[in-house]
Amino acid sequence: MEFHIRLKELRLKTGESQGEVASAVGCAARQYQRFEKSEQKPGFDNLWKLADHFQVSVDFLMGRVDRAELVLEEPDQTPLHGPDTPAEALEDRLKRLRKLARETQPVLAAAIGVSTAQILRFEKGEQKPGLDNLWKLADHFGVTMDYLAGRTDEP
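Since this is a predicted model, take the numbers as computed values, not measurements. (Residues numbered from 1 in each chain as written. Predicted model: local features only at pLDDT ≥ 70, side-chain atom pairs only at ≥ 80, totals over all residues. Heavy atoms only, no water.)

## Some remarks on the nonpolar core
Residues Tyr32, Leu50 and Leu61 are the most contacted members of the largest nonpolar core, which totals 39 residues. With 6 residues, helix H4 (residues 44–54) is the single largest residue contributor to this core. Leave out the neighbours within four places in its chain, and Leu61 touches Phe3, Arg6, Leu7, Leu10, Leu47, Leu50, Ala51 and Val56. (Core = buried A, V, L, I, M, F, W, Y, C linked by side-chain atoms within 4.5 Å. Buried < 20%, exposed > 50% of the residue type's maximum accessible area, 1.4 Å probe, protein only. Helix = DSSP H or I, 4+ residues; strand = E, 2+ residues; numbered from the N terminus. Contact = heavy atoms within 4.5 Å.)

So this is what it looks like as structure tokens:
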């Protein structure tokens, strides 16, 4: 299922208006409307805020999996890494996964279609991958987007 459809279904299920969800996650109502109309994809931070708001995994929200629940590190706990801290978890996990796969930065870059410099920036925490690149990285390593970005310890 596509992101914009899943997003709208989650909002309707909670009985919230678009403005209420926008306010809850800290984005403009017009921006949220564009998410639901598939005119714009949320950025890294807004995607995490939306997943947290609806208490689902990012992978579910993006349509990668059909299982909605997010397995957190400890029960009744919010994710350890949210929009303010995912780059730290992401850079560590990305480096570790790349080394476990015995890949160089140029090999990984070629595999997902980005520059080596971009992989370097991801691993240094200087840049967060866009949603498409995060998806490609998760697919490449066979892990969830939530795991890669440090939201959960379940790959």
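## Some words on unusual backbone geometry
Glycine aside, the phi torsion of most residues is negative, and most peptide linkages are trans. One non-glycine residue with positive phi stands out, namely Ser38, at about 65°. Secondary-structure assignment places Ser38 in the loop between helix H3 (29–36) and H4. In this structure, Arg102 takes a positive phi of about 55° despite not being glycine. Looking at the secondary structure, you find Arg102 in the loop between helix H6 (86–100) and helix H7 (105–112). According to the relative accessible area criterion, Arg102 is exposed, its value standing at 79%.

## Examining the packing of helix H2 (residues 18–25) against H3
Following both chains from N to C, one finds H2 and H3 inclined at 110°, their axes separated by 8 Å at the closest point. Comparing the axis directions of H2 and H3 gives the class roughly perpendicular. With respect to the hand of their crossing, H2 and H3 are arranged in right-handed fashion. Taking contact as the criterion, the partners of Gln18, Gly19, Val21 and Ala22 in H2 are, on H3, Ala29, Tyr32, Gln33 and Glu36. (Axes fitted to C-alpha atoms, helices over the stretch in contact; angles between N-to-C directions. Parallel < 35°, antiparallel > 145°, perpendicular 65-115°, else oblique. Left-handed = near helix turned anticlockwise from the far one by under 90°.)

## A closer look at the packing of aromatic side chains
When we look at a pair of aromatic rings, we describe it by the centre distance and by the angle of the planes. The tally for this structure, following the rule as stated, stands at 2 aromatic pairs. Seen from their ring centres, Tyr32 and Phe35 are 6.3 Å apart, and the 75° between their planes marks the pair as edge-to-face. On the criterion of helical spacing, the pair formed by Tyr32 and Phe35 is a turn pair, its members being 3 residues apart in helix H3. Looking at Tyr32, the relative accessible area reads 0%, which means it is buried. Between Phe44 and Trp48, the ring centres sit 4.5 Å apart and the planes meet at 15°, which makes this aromatic pair stacked. Note that Phe44 and Trp48 are positioned in helix H4 at a spacing of 4 residues, about one turn of the helix. (Phe/Tyr/Trp six-rings, centres within 6.5 Å; stacked < 30°, edge-to-face > 60°.)

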